[in-house]
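Residue-level structural notes
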Amino acid sequence: MPKYRFHKLAAIVVLVGFAAWMVTGEFSSVGSAAADKPKAGEVEQPNAADAGNAKPREAEQPKATLRTVAIITPPRRTYARAIRISGLTEADKRAVLATRVAGVIDKLPVKQGQRVKTGDLVLMLAAEEKLSAVSNARQLLVQRQAELDAALRLMKTGNLPKLQLDTARSNLTLAQSHLEAAQAELDRNEVKAPFDGVIDRVPVELGSSVMQGGEVATILSLDPVIARGEVSERDLGYLKIGDKAKVRLVSGQNVEGTVRYISRDASSATRTFRVEIAIPNPEGTIPAGMTAEIALSAQPTDAVMLPRSVVTLGDKGDLGIRAVDKDNKVVFFPIDLVDDTPTGLVLGGIPADARIIVAGQELVKEGEVVKPVEADQATIQKLLGEATAGTQ
């Protein structure tokens, strides 16, 4: 029994001691303190809070590496702005000939494809009664002229009153009017060429009957032949009457012409302006209605030729090139497309001293400081060699 009481008393003492130890909180540092102490041979590391407040040493700060870009200063030349449009050829003049009276075709001296001169007879309707009227009017005119001559002779001898002389003169004038009226009526049966050209179509046959106003022939004037196209509002200001133009026909033939007409009234559907190019065509070898590509040479401008790969988009989405200024900062220059050739783009709007980035332009942005390096000869030849050769 005493032994049992001793164990009970010892258990109570241990329980009271353990409770007192927990109240002190000393157990919270167990393990953590040991973990914070560096082991032998290790260097003590600052904790996260101390690292955030501590200032880094100057020697330990990493330096920013500047991006390297290749640059060139391309040669400048004066280029004529080229405006390319699609169009068609058409006759300088075109007329559909028609009869002024009804009748039967009595003469048809022309054929399709035949060249005619101004005033040449194209067609004549049968007009026997009108021919007879002209003949009678001509004979009456001869008679009235003879009567006037006789009256003048009598007048000089004093054997004819002045009143009879006036009557003779009036009769002659009336006879002339009758002849002119009869001739005009006869001319209404004739169809003549209004200008030099070629007969393109003859839809009637000799001996057939035609109504008044019926179509009998189509005549074209093809010298000069006209190349017609439409230019945009943006390009209109670069053109003027007399500018030279090159025309490439769908057949492969290349010809040159001159701007003879620029419309001042835009098409309501396309907002474009009609332009006509006059092309010499003395032999008539260029037909009307042929598809053509028109290259207009407009006002010359100072520009450079660069490869298409140099052109990029700016921050605002406009096309241009990136260059390096005197402080080695990237700048952006919007471009003015002067011409698009097989060997490169002819660009205006670029300052004369611009150092254009030709490699790495897509990896930098405006305002960024870069390390510009002159492009090596191989790069220059690759980018500009063909373009420069194309302008020689």
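Here the structure is a predicted model, which means the values were calculated and not measured. (Residues numbered from 1 in each chain as written. Predicted model: local features only at pLDDT ≥ 70, side-chain atom pairs only at ≥ 80, totals over all residues. Heavy atoms only, no water.)

**Concerning the overall build of the protein**
Scanning the protein from terminus to terminus reveals seven helices and 20 strands. Residues classed as buried in the protein amount to 32% of the 392 residues present. Taking contacts inside the protein between residues at least 6 apart in sequence as the whole, the part at least 24 apart equals 74%. For the protein, the accessible area works out to roughly 24,700 Å², and carbon and sulfur atoms hold 55% of it. (Helix = DSSP H or I, 4+ residues; strand = E, 2+ residues; numbered from the N terminus. Buried < 20%, exposed > 50% of the residue type's maximum accessible area, 1.4 Å probe, protein only. Contact = heavy atoms within 4.5 Å. Areas by Shrake-Rupley, 256 points an atom, 1.4 Å probe, with all protein chains shown as cover.)

**Here's the deal with the pairing of strand E7 (residues 197-201)**
Sheet topology note: the strand E4 (residues 115-116)/E7 ladder contains two bridges and is antiparallel. Looking across to E7, one finds that Val-116 is bridged to Gly-197. (Pairing = 2+ DSSP bridges.)

**A closer look at the environment of Ile-321**
Take Ile-321: it is sitting in strand E15 (residues 319-324). Judged by its relative accessible area of 0%, Ile-321 falls in the buried class. As a C-alpha pair, Ile-321 and Leu-306 span 15 residues in sequence and 10.0 Å in three-dimensional space. When neighbours within four sequence positions are excluded, Ile-321 is seen to be in contact with Val-310, Val-311, Val-331, Phe-332, Phe-333, Ile-335, Leu-347, Ile-350 and Ile-356.

**Here we look at the pattern of salt bridges**
Scanning the model with the defined rule gives 13 salt bridges in all. Between Glu-90 and Arg-228 there is a salt bridge; the shortest N-O distance is 3.0 Å. Taken together, the residues Glu-90 in strand E2 (residues 77-98) and Arg-228 in strand E9 (residues 215-231) connect sequence positions 138 residues apart. Since its relative accessible area comes to 22%, Glu-90 is described here as partly exposed. We note a salt bridge from Asp-235 to Arg-234, for which the minimum N-O separation is 3.7 Å. Owing to a relative accessible area of 11%, Asp-235 belongs among the buried residues under this scheme. Salt bridges sharing partners connect three or more residues here, namely Glu-90, Asp-92, Arg-228, Arg-260, Arg-274 and Glu-276. (Salt bridge = Lys/Arg side-chain N within 4 Å of Asp/Glu carboxyl O.)

**Focus: the pairing of strand E11 (residues 254-262)**
Inspection of the sheet shows strand E10 (residues 244-249) paired to E11 by five bridges, in the antiparallel sense. Each residue of the ladder has a partner; that of Ala-245, found in E11, is Gly-257. Where E10 hands over to E11, the hairpin turn is made up of four residues, of which Gly-252 adopts a positive phi near 100 degrees. Pairing of E11 with strand E12 (residues 273-279) involves four bridges; the strand directions are antiparallel. Paired with Tyr-261 across the bridge in E12 is Glu-276.

What is shown is where atoms sit, not what they do.
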